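Structural features, examined
Each chain is listed here by its residues.
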Amino acid sequence: HNLLFRLENLKIPVVAAISFCHLLNDMMQSLLPALYPMLASDFGLDFGQVGLITFVFQLTASILQPAIGLYTDRKPQPYSLPLGMGFTLIGLVVVSVAPTFPLLLLGAALVGMGSAIFHPESSRVARMASGGRYGFAQSFFQVRGNIGSAAVARAEPHGYTILMATVGTHSINPALYKNISYDP
């Protein structure tokens, strides 16, 4: 009886919608590392500078996300979902038109901020819609983010670079990448 109650309370359309948004969000964020070869070529960047772009992106996302999560736990911010995706999009636009290395870093920071803003609230929405099936809802939500990142990994022309640049469960699962060609 208890399991039936929880199944009836599971809001599959809501879990599916927030999971699809997670897929799109992580797909956009994964574009940054996929651009590294082109950025390195266009700007004459060395490995240290490419690493600094990654550092700025990851640090911004990692430092802000727990702080934003603490805040949204007390005061839910449903508009932070499109706001986070907007920051990511603006960051990618900045990267695409940046004439200087400092502006590349600003774009990377904005992408990181987008991640930090989007993830806490989207996880909360997935949990709320779970109907008590927290593990299922969170797993479904998480896998869609991984699929978004993997979709960029398969993108041409330099999608394989995400294998080296992205940290997460999808980057250590070689089964996701068995059909990716590598042509340096």
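Conventions and cut-offs
- Residues numbered from 1 in each chain as written.
- Predicted model: local features only at pLDDT ≥ 70, side-chain atom pairs only at ≥ 80, totals over all residues.
- Heavy atoms only, no water.
- Core = buried A, V, L, I, M, F, W, Y, C linked by side-chain atoms within 4.5 Å.
- Buried < 20%, exposed > 50% of the residue type's maximum accessible area, 1.4 Å probe, protein only.
- Helix = DSSP H or I, 4+ residues; strand = E, 2+ residues; numbered from the N terminus.
- Patch = residues over 30% accessible without salt bridge, like charges linked within 9 Å, V, L, I, M, F, W, Y side chains within 5 Å.
- Areas by Shrake-Rupley, 256 points an atom, 1.4 Å probe, with all protein chains shown as cover.
- Salt bridge = Lys/Arg side-chain N within 4 Å of Asp/Glu carboxyl O.
- Contact = heavy atoms within 4.5 Å.

The next thing to look at is the nonpolar core. With 25 residues, the main nonpolar core has Leu32, Leu45, Ile53 and Leu104 as its most contacted residues. Elements with a contribution of two residues or more to this core: α2 (12–34), α3 (36–43), α4 (47–74), α5 (80–97) and α6 (101–128).

A cluster of nonpolar residues, Leu52, Phe55, Leu59 and Ile63, forms a patch on the protein surface that exposes about 370 Å² of accessible area. By the element assignment, Ile63 lies in helix α4.

Turning our attention to the environment of Gly91. Mapped onto the elements of the fold, Gly91 is located in helix α5. Spatially, the C-alpha atom of Gly91 lies 7.4 Å from that of Leu106, the residues being 15 residues apart in sequence. Each residue touching Gly91, except ones within four places of it in the same chain, is listed here: Gly107, Leu110 and Val111.

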